[in-house]
Each structure stands twice: as C-alpha cells, then as structure tokens.
Amino acid sequence: QKEVEQNSGPLSVPEGAIASLNCTYSDRVSQSFFWYRQYSGKSPELIMSIYSNGDKEDGRFTAQLNKASQYVSLLIRDSQPSDSATYLCAVNKGDGGATNKLIFGTGTLLAVQP
Amino acid sequence: ETGVTQSPTHLIKTRGQQVTLRCSSQSGHNTVSWYQQALGQGPQFIFQYYREEENGRGNFPPRFSGLQFPNYSSELNVNALELDDSALYLCASSHASGTDTQYFGPGTRLTVL
C-alpha cells in the first residue's frame with residue numbers, strides 16, 4: 001500500500017463546475033496535510049495546508065480533512081481552464097524529531113474544458 | 001514566486017559523471033529539503049538540512065550527498081550518475097520554528113545520457 005494515494009486521472013470537468021480531488025494516506029499519526037498545484041514542466045506551488053478535521057476555505061479552494069478515515073480532499077469551485085494542472089497531495093511524515101518530510105501522492109491531472 | 005532559487009535550470013550529464021545543484025532558501029527560512037521528481041511521479045524526499053547538518057534522509061544511496069551553508073543555502077551532489085537519476089530536482093525551504101509548510105524553488109531538470 002502506498003503511503004499517499006491519489007487517482008491519477010485525468011479528471012475532466014466543464015468550466016464553472018466543481019472539481020473534487022481526493023487523497024488517502026496510511027500513517028495515522030500524520031498531522032499536516034498539503035495540496036500543491038503543478039503545471040506541466042513547472043515546480044509544485046502550494047495551494048492549501050490543513051491540520052485539523054473539517055473544512056478550510058481559501059477563495060475558490062476548500063480543503064477537507066477526515067483523520068478518522070485518513071482522507072483529504074480538495075474542492076475547486078467555479079473551475080477555470082487555468083486550473084488545469086496536476087494536483088499533488090502531500091502528508092508530513094515527521095519522525096518525531098525535527099525532520100519535516102513530505103510524502104507525496106503521484107498527483108491527479110485535472111483538465112477543465114472551456 | 002516563493003523566493004526560493006535554484007541553479008542551473010537545466011543540466012545534461014553522461015553516466016558516471018558527478019553533478020552539483022544549488023539552492024538558495026527563502027528569506028527567513030533556515031531549513032532546506034531536497035526532492036527528486038521522476039516523470040509522472042510525485043516528488044520523493046532525498047534529505048533535509050538544518051543548521052548545516054543533515055536532518056533526515058529518504059531512501060537514496062550515499063552517492064546523493066548535500067551541504068548547507070551558514071547563509072542557509074544548500075547544495076545537492078550526486079556522484080556516479082546513472083540513467084535513472086534523470087529527473088526534476090526540487091529544493092524546498094521552510095522555517096524550523098514556524099509552520100511545517102515547504103515552499104519549492106523552480107527546480108533543476110537533470111538529464112543523464
């Protein structure tokens with residue numbers, strides 16, 4: 001079992017729709033969760049971080065965390081063609097010390113159709 | 001723009017050679033992490049540097065080594081390059097006493113022929 005799992009997609013949604021991206025993780029002690037966006041040929045760009053169960057909203061983006069189910073999701077409202085990218089879910093696998101190590105999923109490719 | 005810079009942007013090497021990649025962290029950040037991203041995969045943690053010492057390492061062989069300097073900039077060195085080392089190498093900076101959020105630089109694309 002992979003430590004962080006995502007559906008590779010592509011997830012295709014029409015412009016203006018809600019895109020829902022999902023991620024599961026295996027380590028129950030993980031406390032920090034991140035969503036990064038990566039355009040083709042570019043580096044990952046931080047979209048959201050979430051630490052507590054529930055929802056966290058930032059503009060058109062909402063991150064949802066359910067630690068009991070070991071599940072993190074990202075909702076993108078009013079999807080735009082410029083949102084077309086790979087979305088990476090990352091979990092901080094701290095080892096109890098100072099190491100701040102992100103474990104990434106393979107990413108979900110989102111395609112927003114005009 | 002995160003304020004994290006990396007050089008060079010692209011690099012082509014041949015098998016068996018050695019390479020050094022460089023990273024300058026975002027202002028105020030004292031921790032640098034290096035990741036390798038192969039095509040179609042998520043980034044994989046190589047190691048992290050804090051206070052000029054390696055502070056955690058992923059599943060990479062010893063031919064991957066690094067340094068951190070007093071100004072918090074960092075180098076990644078890879079010896080005896082193999083074809084599978086071809087990847088995007090990402091540097092991320094964070095602050096040890098702040099949140100654990102990591103901000104990525106633009107990356108260095110390494111091609112090994």
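The coordinates are above.
The sections below set out a description of the structure shown in this document.

Parameters and conventions
- Residues numbered from 1 in each chain as written.
- Chains lettered and ligands numbered in written order.
- Predicted model: local features only at pLDDT ≥ 70, side-chain atom pairs only at ≥ 80, totals over all residues.
- Heavy atoms only, no water.
- Helix = DSSP H or I, 4+ residues; strand = E, 2+ residues; numbered from the N terminus.
- Buried < 20%, exposed > 50% of the residue type's maximum accessible area, 1.4 Å probe, protein only.
- Contact = heavy atoms within 4.5 Å.
- Buried area = accessible area lost by both parts, 1.4 Å probe.
- Salt bridge = Lys/Arg side-chain N within 4 Å of Asp/Glu carboxyl O.
- Polar contact = N/O pair within 3.5 Å; in protein donor to acceptor, adjacent residues only side chain to side chain.
- Pairing = 2+ DSSP bridges.
- Axes fitted to C-alpha atoms, helices over the stretch in contact; angles between N-to-C directions.
- Disulfide = S-S within 2.5 Å.

1. Some words on the overall build of chain A
Phase 1 of the analysis: In terms of regular secondary structure, chain A is built from zero helices and eleven strands.
Phase 2 of the analysis: The linear arrangement of helices and strands in chain A, starting from the amino end, is β-β-β-β-β-β-β-β-β-β-β.
Phase 3 of the analysis: By residue count, 43% of the 114 residues in chain A fall in the buried class.
Phase 4 of the analysis: Counting only contacts in chain A whose residues sit at least 6 apart along the sequence, the fraction spanning at least 24 positions is 54%.

2. Here we look at the interface of chain A and chain B
Phase 1 of the analysis: Facing 20 residues of chain A, the contacting portion of chain B comprises 22 residues.
Phase 2 of the analysis: Overall, the association of chain A and chain B removes approximately 1600 Å² of surface from exposure, summing both partners, and the carbon and sulfur fraction of that is 51%.
Phase 3 of the analysis: Linking chain A with chain B are zero salt bridges.
Phase 4 of the analysis: Counting across the interface, chain A meets chain B through eight residue pairs in polar contact (both at pLDDT 80 or more).

3. Concerning the environment of tyrosine 39 of chain A
All names here are of chain A.
Phase 1 of the analysis: Here tyrosine 39 lies in the loop between strand S4 (33-38) and strand S5 (45-50).
Phase 2 of the analysis: Classification of tyrosine 39 by relative accessible area gives partly exposed; the value is 31%.
Phase 3 of the analysis: The spatial distance from the C-alpha of tyrosine 39 to the C-alpha of threonine 86 is 6.3 Å, given a sequence separation of 47 residues.
Phase 4 of the analysis: A distance of 2.7 Å separates the side chain of tyrosine 39 from the backbone oxygen of serine 82, its partner in a polar contact.

4. Points about the sheet that holds strand S6 (residues 54-58) of chain A
Residues and elements named next belong to chain A.
Phase 1 of the analysis: Read from one edge of the open sheet, five strands run S1-S3-S8-S7-S6, paired in antiparallel fashion. A single partner strand is all that each edge strand has here, and the edge strands are strand S1 (4-6) and S6. In this sheet, adjacent strand axes meet at a mean angle of 20° when their direction is disregarded.
Phase 2 of the analysis: Here six bridges tie strand S7 (residues 61-66) to strand S8 (residues 71-76), and the two strands are oriented antiparallel to one another. Bridge pairing in S8 places glutamine 64 opposite serine 73.

5. What about the side chain of serine 30 of chain A?
Residues and elements named next belong to chain A.
Phase 1 of the analysis: Looking at the secondary structure, you find serine 30 in the loop between strand S3 (19-25) and S4.
Phase 2 of the analysis: For serine 30, the side chain forms a polar contact with the main-chain oxygen of aspartate 27, separated by 3.1 Å.
Phase 3 of the analysis: Non-local contacts of serine 30, meaning those with residues more than four positions away in its chain, are made with Tyr25, Lys67, Val91 and Asn92.

6. Structural notes on the state of the cysteines
By definition, a disulfide links the sulfur atoms of two cysteines through a covalent bond.
Phase 1 of the analysis: Counting across every chain of the model gives two disulfides over all chains.
Phase 2 of the analysis: Here cysteine 23 of chain A is linked by a disulfide to cysteine 89 of chain A, with a sulfur-sulfur distance of 2.1 Å. Sign of the S-S torsion, about -70° for the bond between cysteine 23 of chain A and cysteine 89 of chain A, identifies this disulfide as left-handed. Remark: cysteine 89 of chain A occurs in strand S9 (residues 85-92) and cysteine 23 of chain A occurs in strand S3; sequence separation between them is 66 residues.
Phase 3 of the analysis: Its relative accessible area of 0% is what places cysteine 89 of chain A among the buried residues.
Phase 4 of the analysis: Note on cysteine connectivity: cysteine 23 of chain B is disulfide-linked to cysteine 91 of chain B, with sulfurs 1.7 Å apart. Where cysteine 23 of chain B bonds to cysteine 91 of chain B through sulfur, the torsion about that S-S bond is close to -50°, and the disulfide is left-handed. Placement of cysteine 23 of chain B in strand S3 (residues 19-24) and of cysteine 91 of chain B in strand S9 (residues 87-94) is noted, with a sequence separation of 68 residues between them. Taken as a pair, cysteine 23 of chain B and cysteine 91 of chain B share a single burial class, namely buried.

7. Here we look at the sheet that holds strand S8 (residues 74-78) of chain B
Residue and element names in this part refer to chain B.
Phase 1 of the analysis: Read across the open sheet, the four strands follow the order S1-S3-S8-S7; overall the sheet is antiparallel. Edge positions in the sheet fall to strand S1 (5-7) and strand S7 (64-68), since each has one partner strand and no second. This sheet shows a mean twist of 20° between the axes of neighbouring strands, independent of strand direction.
Phase 2 of the analysis: Pairing of S3 with S8 involves five bridges; the strand directions are antiparallel. Bridge pairing in S8 links valine 19 to valine 78.

8. Remarks on the side chain of arginine 63 of chain B
Residue and element names in this part refer to chain B.
Phase 1 of the analysis: Positionally, arginine 63 belongs in the loop between strand S6 (53-57) and S7.
Phase 2 of the analysis: Polar contacts involving the side chain of arginine 63 include one to the main-chain carbonyl oxygen of alanine 80, which spans 3.3 Å.
Phase 3 of the analysis: Within polar-contact distance, the side chain of arginine 63 engages the side chain of glutamate 82 at 3.3 Å.

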